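Coordinate inspection notes
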Amino acid sequence: MWHSGSSTPVAPLALQSLDHSQLYQRRTHQMGDGNDPRTEEIDNLSPSTGDYEDLSEQDWADAENSLSSISISSGQMSYAKPTRPTFLKLSSTNTPALFPTRSVSETSSPLYMHENSSNSRITGNMSLGNMFCSRCNDGFEPHEKIVNSNGELWHTQCFVCAQCFRPFPDGTFYEFEGRKYCEHDFHVLFAPCCGKCGEFVIGRVIKAMNANWHPRCFRCESCSKELADLGFIRNQGRALCHECNAQEKAVGLGKYICHKCHGVIDEKPLRFRGEVYHPYHFNCASCKVELNSDAREVKSRPGFTSNEMNELYCLRCHDKMGIPICGACRRPIEERVVTALGKHWHVEHFVCAKCEKPFLGHRHYEKKGLAYCETHYHQLFGNLCFVCNQVIAGDVFTALNKAWCVHHFACSVCDQKMNQKTKFYECDLKPVCKKCYDKYPAEVRRRLRKTHEATPKKATV
Amino acid sequence: MNQAPVSCIPSPKMSKAKKVLDEARSSGNPELDLMEKGISSFEEMPGLLNMSNITRLTLSHNKIIDIPPGLANLVNLEILTLFNNHIEELPVSLSSMPKLRILNLGMNRLNSLPRGFGAFPVLEVLDLSYNNLNEESFPANFFILDTLRALYLGDNDFEFIPPEIGQLKNLQILVLRDNDLIELPKEIGDLTRLRELHIQGNRLTVLPPEIGQLDLVSNKSVLKMDYNPWVAPIADQLQVGISHVIDYIRSETYRYLFSRHISVRGPPPPKYIDKTNKLSRNRKSN
Ligand SMILES: [Zn+2]
Ligand SMILES: [Zn+2]
Ligand SMILES: [Zn+2]
Ligand SMILES: [Zn+2]
Ligand SMILES: [Zn+2]
Ligand SMILES: [Zn+2]
Ligand SMILES: [Zn+2]
Ligand SMILES: [Zn+2]
């Protein structure tokens, strides 16, 4: 407290405003090349409203050759960048002396001063008669407390926030376009809001995608990685990390993504257990050599059908072991090999699951991983008639992936009975007699011809 | 007034249909063949709606526009074939037919199905091919038709299939050939008994990975998917064979591609077929 007539030395109050050029200096000092004595004071006193970082970005289209060059601009360039908004503009006369600190100069300190103060450095060329309040332009009463901030004078009641007209808490104010604001109102009016969470951004501000962000809030829209220190790529209006962008690009180009490392596979992929990989992630199960895309996946080894038992061999080892093993006796097959049900068989070991007679090249039917002769397949599983949906007792008409009983094998359009001699056409795997087919609009027939070679068919009985 | 409502109908046509009816009545044959008789109205088939003993009625290749609600009096009818007529609307009563198992309405001029259409108690095969139907044509209860074994919707105007399709638990055959389909719902993967899926001639670029759950590669199964603008990896697999497509859509790699494709989806591919000259477009209102 200072009273009139007090001889107590005038101590400066922490009145200050914020200037990005000062922050700029602070940063350079922190980076090791500064020796400005103000810097430490500023660090202590400055209520930083954030320094801005423009994150560079690049569109997919021109990202082709220069993906690695995308980076975040450093602190130095953020202030100088012509594109960033310069809303924290301070008049140039203010700038050099703006940050009042003990260590720099008391003359620039805003302070309460008594008319009779002996502080001649401030009042040396002033007298009460030519001193006017910067706000109301009135003069000052003798003995009245006067606020001096950076050479400008105010009545104490006039030295208030331009928005709320209240004194500045702790004497801290922010100056913008010649007006002074309390911290609260400055934030409300001018501080950037985060494009994600909507909160004010205090501290490091990331400028990217035409908005401001907290570093924690600016993330890859695909994998949510923080992007502030990684850089990003704009992809169809979204910010993506390099990996996610590369993956999208690969998918867009029809390239495969490695199931192990999630990287793009530029060469031929290696297929293994239903997925695709870079071949170099695997070694030959036999000779242990690192594999290339010529490697062979050996499926359905004797006794196993599941994918999980598959193994990879280099081409040389695969050729060496290329002797098939019979799925029944598990011995190598030297002569004729029958391949069915995903396994290899000796001709005489591929048999009906019911009567155990070998098929010897005759037709077999598969059901639930087992093979049956015609007799036993029908006996056990009885075909259902497509029309009556009953098990077919007598003769079965089989065609078009369907079966019919003798009563119901008919044209699906006109219901006229057909037999094994009747030629019919196919539409959606239903039989259509020639008379009906000829009544289809030409345009439909043309399409049916194109999609299923509309040759007349016959049923097998 | 002395009205003669049937006077405009040429008598030869009349007698053709009437002759079949008379024969059926005297022989007691419950299966009635009235295809290609030039019939344009049920009035040309006097007494038909009282023949409640018949089990099959075939009226293909006629010119019938209106179906009278009284058709539902044929309570023993199991098979009703109305293929290639000029039908624009169906009576609500149709879905009350207690024994109807097979209903063929292919090649007509239907723009919609009547309310309550899903109420058929035992319908197994429904053929609506070559009409003017789309996803808005289904009444609310359509997908309670869980007795359905086969649903033929080829040559219509569907761009989407409602996800409720997954409720048709007994469906073994689903034909969506030559529509305007932009995507399929993942719920098709719920149709565990499906063994025929026809989706050729649409605007599909990807398949929901859930289709990989279905058994569409056994020797009793059919998946027809040509003539779609598939994404390159699917098109590549399709060239080697359907089983390769199925193997591929079952992979993690494909799940990843699919999720990406859905999230960056561009505009749908253009329509594949010009349908302006479809017969089903010739409605009397035009
Ligand atoms: Zn204020
Ligand atoms: Zn935020
Ligand atoms: Zn990411
Ligand atoms: Zn890899
Ligand atoms: Zn053997
Ligand atoms: Zn047998
Ligand atoms: Zn039958
Ligand atoms: Zn026919």
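Quick notes on the rules
- Residues numbered from 1 in each chain as written.
- Chains lettered and ligands numbered in written order.
- Predicted model: local features only at pLDDT ≥ 70, side-chain atom pairs only at ≥ 80, totals over all residues.
- Heavy atoms only, no water.
- Helix = DSSP H or I, 4+ residues; strand = E, 2+ residues; numbered from the N terminus.
- Buried < 20%, exposed > 50% of the residue type's maximum accessible area, 1.4 Å probe, protein only.
- Contact = heavy atoms within 4.5 Å.
- 1 Å grid on protein atoms, 1.4 Å probe; cavity = no way out; pocket = protein on both sides within 12 Å on 5 of 7 lines; lining within 4 Å.
- Points joined across faces, edges and corners; volume = space filled by probe spheres on them.
- Nonpolar A, V, L, I, M, F, W, Y, C, P; charged D, E, K, R; others polar.
- Patch = residues over 30% accessible without salt bridge, like charges linked within 9 Å, V, L, I, M, F, W, Y side chains within 5 Å.
- Areas by Shrake-Rupley, 256 points an atom, 1.4 Å probe, with all protein chains shown as cover.
- Salt bridge = Lys/Arg side-chain N within 4 Å of Asp/Glu carboxyl O.
- Donors = N, O, S within 2.8 Å, 3.2 Å for Na, K, Ca; no water.
- Tetrahedral: all angles 85-135°; square planar, octahedral: opposite > 155°, others 65-115°.
- pLDDT = per-residue confidence, 0-100.
- Pairing = 2+ DSSP bridges.
- Axes fitted to C-alpha atoms, helices over the stretch in contact; angles between N-to-C directions.
- Arc of directions from axis to C-beta.
- Phe/Tyr/Trp six-rings, centres within 6.5 Å; stacked < 30°, edge-to-face > 60°.
- Lys NZ or Arg CZ within 6 Å of the ring centre and 35° of its normal.
- Buried area = accessible area lost by both parts, 1.4 Å probe.

1. Quick look at the overall build of chain B
Scanning chain B from terminus to terminus reveals four helices and nine strands. Ordered by position from N to C terminus, the α and β elements of chain B give α-β-β-β-β-β-β-β-β-β-α-α-α. Relative to its 286 residues, chain B shows a buried fraction of 56%. Partitioning the intrachain contacts of chain B with sequence separation of at least 6 by distance along the chain shows that 47% fall at a separation of at least 24.

2. Notes on empty space enclosed by the protein
By the definition in use, this model includes five cavities of 30 Å³ or more. The computed volume of the largest cavity comes to approximately 130 Å³. Partitioning the lining of the largest cavity into residue classes produces eight nonpolar, three polar and five charged.

3. Side note on a nonpolar patch on the surface
All names here are of chain A. Taken together, the side chains of Val188, Leu189, Phe200 and Ile202 present a nonpolar region at the surface, about 320 Å² in accessible area. Within the fold, phenylalanine 200 resides in the loop between helix H5 (183-190) and strand S7 (204-208). Phenylalanine 200 sits in the partly exposed class, given a relative accessible area of 32%.

4. Observations regarding the coordination of the zinc ion (ligand 2)
Residues and elements named next belong to chain A. For the zinc ion (ligand 2), the full set of protein donor atoms is Cys194 (SG), Cys197 (SG), His214 (ND1) and Cys217 (SG), and the range of their distances to it is 1.8 to 2.4 Å. For the zinc ion (ligand 2), the four donor atoms in the first shell make angles of 100 to 118 degrees at the metal, so the coordination geometry reads as tetrahedral. Summarised as a motif, the one-chain spacing of the donors to the zinc ion (ligand 2) is C-x2-C-x16-H-x2-C. Placement of cysteine 197 in the loop between H5 and S7 and of cysteine 217 in the loop between strand S8 (211-213) and strand S9 (233-235) is noted, with a sequence separation of 20 residues between them. A residue is classified by how much of its surface remains accessible, and cysteine 197, at 37% relative accessible area, is partly exposed.

5. Focus: the pattern of salt bridges
Residues and elements named next belong to chain B. Enumeration over the complete set of coordinates arrives at 33 salt bridges over all chains. Glutamate 124 is the salt-bridge partner of arginine 149, the closest N and O atoms lying 2.8 Å from each other. One end of the pair, arginine 149, is in the loop between strand S5 (125-127) and strand S6 (150-152); the other, glutamate 124, is in the loop between strand S4 (102-104) and S5, with 25 residues separating them in the sequence. Across the pair glutamate 159 and arginine 203 runs a salt bridge whose closest N-O atoms are separated by 3.2 Å. Of the two residues, glutamate 159 is situated in the loop between S6 and strand S7 (173-175) and arginine 203 in the loop between strand S8 (196-198) and strand S9 (222-224); the sequence distance between them amounts to 44 residues. Shared partners join several salt bridges into a network, and the residues in it are Asp157, Glu159, Asp180, Arg203, Lys271, Lys275 and Arg281.

6. Structural notes on the coordination of the zinc ion (ligand 4)
Residue and element names in this part refer to chain A. For the zinc ion (ligand 4), every protein donor is listed as Cys258 (SG), Cys261 (SG), His278 (ND1) and His281 (NE2), and the spread of their distances is 1.8 to 2.3 Å. Around the zinc ion (ligand 4) sit four donor atoms, and with donor-metal-donor angles ranging over 96 to 124 degrees the site reads as tetrahedral. All donors to the zinc ion (ligand 4) come from one chain, and their sequence spacing reads C-x2-C-x16-H-x2-H. Here the residue cysteine 258 occupies a position in the loop between strand S11 (256-257) and strand S12 (264-265), and histidine 278 occupies one in the loop between strand S14 (275-277) and strand S15 (296-298), the gap between them amounting to 20 residues. No difference in accessibility class separates cysteine 258 from histidine 278, as the two residues are buried.

7. Overview of the confidence of the model for chain A
All names here are of chain A. Looking at chain A, pLDDT values average 69 and 67% of them are 70 or higher. The low-confidence segment residues 1-50, where pLDDT is below 50, has 117 contacts with residues more than four positions distant or belonging to other chains. Here residues 58-124 is modelled with pLDDT under 50, and outside its nearest four sequence neighbours on either side it reaches 137 contacts, counting other chains as well.

8. What to know about the sheet that holds S7(B)
Residues and elements named next belong to chain B. Taken together, the nine strands give an open sheet; going across it, the order is S1-S2-S3-S4-S5-S6-S7-S8-S9, and neighbouring strands pair in parallel fashion. Across the chains shown, the open sheet's two edge strands, defined by having one partner strand only, are strand S1 (31-33) and S9. Neighbour to neighbour, the strand axes of the sheet diverge by 5 degrees on average, direction disregarded. As paired strands, S5 and S6 are joined by three bridges and run parallel to one another. Opposite leucine 126, over in S6, you have leucine 151 as the bridge partner.

9. Describing helix H2 (residues 232-240) of chain B
Residues spaced three or four apart along an α-helix point in a common direction, a consequence of the helix completing one turn every 3.6 residues. The set of residues buried in H2(B) consists of Pro233(B), Ile234(B), Gln237(B) and Leu238(B). The buried residues of H2(B) all sit within an arc of 135 degrees when viewed along its axis, so they share a single face. Turning to H2(B), the residues buried within the fold contact S11 and strand S13 (270-272) of chain A together with helix H3 (242-249) and helix H4 (252-263) of chain B. The positive-phi residue at the C-terminal boundary of H2(B) is Gly241(B), with phi of around 145 degrees.

10. A look at the pairing of strand S17 (residues 337-340) of chain A
Residues in a regular strand point their side chains to alternate faces of the sheet. All names here are of chain A. Of the two faces of S17, the one holding Val338 and Ala340 is buried and the one holding Val337 and Thr339 is not buried anywhere. Pairing geometry for S17 and strand S18 (residues 343-346), over four bridges, is antiparallel. Bridging from a neighbouring strand, threonine 339 pairs with histidine 344 of S18. Remark: two residues form the turn of the hairpin made by S17 and S18, two consecutive strands paired antiparallel; leucine 341 in that turn has positive phi of roughly 55 degrees.

11. Some details on the packing of aromatic side chains
For the coordinates displayed, the defined rule picks out 26 aromatic pairs over all chains. Consider the rings of Phe159(A) and Phe168(A), whose centres lie 5.1 Å apart with planes at 75 degrees: the pair is edge-to-face. You'll find Phe159(A) and Phe168(A) in the same group, each marked buried. Summarising the aromatic geometry, the rings of Tyr365(A) and Tyr377(A) are spaced 4.9 Å apart at their centres and angled 15 degrees between planes, so their arrangement reads as stacked. Of this pair, Tyr365(A) sits in strand S19 (residues 365-367) while Tyr377(A) sits in helix H8 (residues 374-381), and the two are 12 residues apart along the sequence. One residue, Lys430(A), lies across the ring of Tyr152(B), its end atom 3.9 Å from the ring centre.

12. Brief notes about the interface of chain B and chain A
In this assembly, 50 residues from chain B lie in contact with 48 residues from chain A. Between chain B and chain A, the buried area comes to about 3,900 Å², and carbon and sulfur atoms account for 50% of it. Three residues stand out in chain B for area buried against chain A, namely Lys220(B), Thr253(B) and Arg260(B), and they jointly supply 13% of the buried area on that side. Arg447(A) is paired through a salt bridge with Asp155(B); the nearest N and O atoms lie 2.5 Å apart.

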